[in-house]
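# Structure assessment
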Amino acid sequence: MDTGYAPQPRASRVPVGLRAPFSGRTWREFLHLILNLPMSVVMFAYAIVVMSLGAGLLITFLGIPVLAAGLSGSRALGALERGRARALLDLDVAAPEPIRPSKPGLMGWVGAVLKSGASWRHLLYGLLHFPWALFSFVFSVVFWTVGWALLAYPLWQWTFPAYLGQPGIQLWGDGAGNGVYVDGSTGMAFVSGFGLLLTLAGPWVIRGLTSVDRLMIHGLLGPSSLATRVSELESDRGVVVDTAAADLRRIERDLHDGAQARLVALAMDLGLAKEKLTEDPAAAAKMVDEAHGEVKVALQELRDLARGIHPAILTDRGLGPALSALAARCTVPVKVTVDLGHRPAAAIEGIAYFTVSELLQNISKHAQATSATVDVWHTADRIMVLVTDDGRGGANTATGSGLAGLSERLDSVDGLLVVDSPVGGPTAISAELPWRG
């Protein structure tokens, strides 16, 4: 297990509510809301022009290519919006699936653009975002500036009697010179306190407004759920193929370097013993005895190799006995608890077994633990595996570690690996797998 935990930063003594008005995140999100208006004006005007021009020219041959070109331009504006969200909102939305013409040429490209749902979603974003951008711009600017202005009221209150001919902010007036004004220390303190409340609430108001932008950008400018799922399945298929290839290479290497080498040496020893059988029976008997020992070692290596492919006890008796046998070979005392009403699919059962096997090997080699537990249970449509130990901790799924490969293998079957392993321990690693009975 890799110990890749960085030292934790010291917690700030200033409450987060007091830090929020001055945080970089708040001001970046406020800048995003300010830029919303000019960007939405451009995108709304562009969408209207594209729709009007495309629809107006549909009676001619030019209408369809013009509409396709307009949709392509909408995708370019959408890429600009995703970049703005990435820079100001820390929202990383992947680009939608690219245009893939079914046939070469201009008309193939035009048809692919018009049939692309992502292109139409980009155009729809330009239409829907404008009213929201107008509202969020006005509301955020008024709320934020009024809050800061009222908070700083004691600093600029003198401008009222000096230039406006009144003692302070007017709360009520009858138009005849009579009214109620905020002046004096008590009034200024009240206004400043109200401004403080608005200023402290401002970051959360801004965050709420930008959450709508996040939803619109993610839902309209990103890839569709179907395209995302297809991409995940393609990635999972690649992981499965790579894992199978690695397992085949491991089996070939183990056979070539282990049992195969021993069997070759055994054949040579038996050949020499056969030659000495008539000349020196005692030496031949000794060589046969040594060959018998080599046969036992080769058989044990073949059993270990077969267990690494798929253990017979797992096929014959199920996950509980197989994990108990696995725990018995661990160098650390392991308590195994398996609570399954019936057996899952063989593939899921095998993945659960090899997951526990790798985790127990890590405990034996790296954890420096004195005890460990393995718990397996069935909940809803998932099979849950929890492996804990009281070792030194520091396990992580960083790239290149064994846990990273294990996480990829689980992900290939819609599983999940969660590691909780602070430095100093203890470690708790849970795996979720789909239940396919």
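Conventions used here
- In every chain, residue numbers begin from 1 and rise along the written sequence.
- Totals for whole chains, interfaces and linings use all residues, but because this is a predicted model, local features are given only for residues with pLDDT of at least 70 and pairs of side-chain atoms are given and counted only at 80 or more.
- Values shown for side chains rest on all heavy atoms present in the structure; no hydrogens or waters enter the calculation.
- Strands are labelled as partners when DSSP assigns at least two bridges between them.
- We count a stretch as a helix when DSSP gives it H or I for four or more residues in a row; a strand needs E for two or more, and each element gets its number in order from the N terminus.
- Whenever a helix is involved, its axis is fitted only over the stretch in contact; in every case the axis is a line through C-alpha atoms, and angles between N-to-C directions fall within 0 to 180 degrees.
- Contacts between residues were defined by any pair of non-hydrogen atoms, one from each residue, lying within 4.5 Å.
- A pair is scored as a salt bridge if a Lys or Arg side-chain nitrogen falls within 4 Å of a carboxyl oxygen belonging to Asp or Glu.
- Any residue under 20% of the maximum accessible area for its type is buried, any over 50% is exposed, and the rest in between are partly exposed; the area is computed with a 1.4 Å probe on protein chains only.
- Two rings from Phe, Tyr or Trp (for Trp, the six-membered ring) form a pair when their centres sit within 6.5 Å of each other. Planes less than 30 degrees apart are called stacked, planes more than 60 degrees apart edge-to-face, and all others tilted.

Reading across the sheet, the five strands line up as S3-S4-S5-S7-S6 and stay open at both edges, with mixed pairing between neighbours. Sheet topology places strand S3 (334–339) and strand S6 (416–420) at the edges, where each strand pairs with a single neighbour. Averaged over all neighbouring strand pairs, the angle between strand axes comes to 10°, with direction disregarded. As paired elements, strand S4 (residues 372–379) and strand S5 (residues 382–389) share eight bridges and run antiparallel to each other. Bridging from a neighbouring strand, tryptophan 377 pairs with methionine 384 of S5. In this fold helix H12 (residues 319–328) packs onto S3, S4 and S5, with an angle of close to 175° to the strand it touches most, S3. Here helix H13 (residues 346–367) sits on the sheet in contact with S3, S4, S5 and strand S7 (427–434), set at roughly 10° to S5.

The next subject is the pattern of salt bridges. Under the defined criterion, the tally for this structure stands at eight salt bridges. Aspartate 90 is paired through a salt bridge with arginine 28; the nearest N and O atoms lie 3.8 Å apart. With aspartate 90 in the loop between helix H3 (63–88) and helix H4 (106–115) and arginine 28 in helix H2 (residues 24–56), this residue pair connects regions lying 62 residues apart in the sequence. Using a relative accessible area of 58% as the deciding quantity, one classes aspartate 90 as exposed. Take arginine 28: its relative accessible area is 32%, and that puts it in the partly exposed class.

This brings us to the packing of aromatic side chains. The relative placement of two aromatic rings is captured by the distance of their centres and the angle of their planes. Overall, the coordinates contain 11 aromatic pairs when judged by the stated rule. Ring geometry for tryptophan 144 and tryptophan 148: centres 5.7 Å apart, planes at 90°, overall edge-to-face. With tryptophan 144 and tryptophan 148 both in helix H5 (residues 117–151) and four residues apart, this pair spans about one turn of that helix. Residue classification places tryptophan 148 among the partly exposed residues on the basis of a relative accessible area of 25%. Here the aromatic cluster, defined as three or more aromatic residues joined through ring pairs, consists of Phe22, Trp27, Phe30, Trp144 and Trp148.

Glancing now at the side chain of threonine 199. Take threonine 199: it is sitting in helix H8 (residues 184–220). Assessed through its relative accessible area of 3%, threonine 199 is described here as buried. Once residues within four sequence positions are removed from consideration, threonine 199 is found in contact with Pro21, Trp144, Gly147, Trp148 and Leu151.

The values reported here are purely geometric and, on their own, carry no functional implication.
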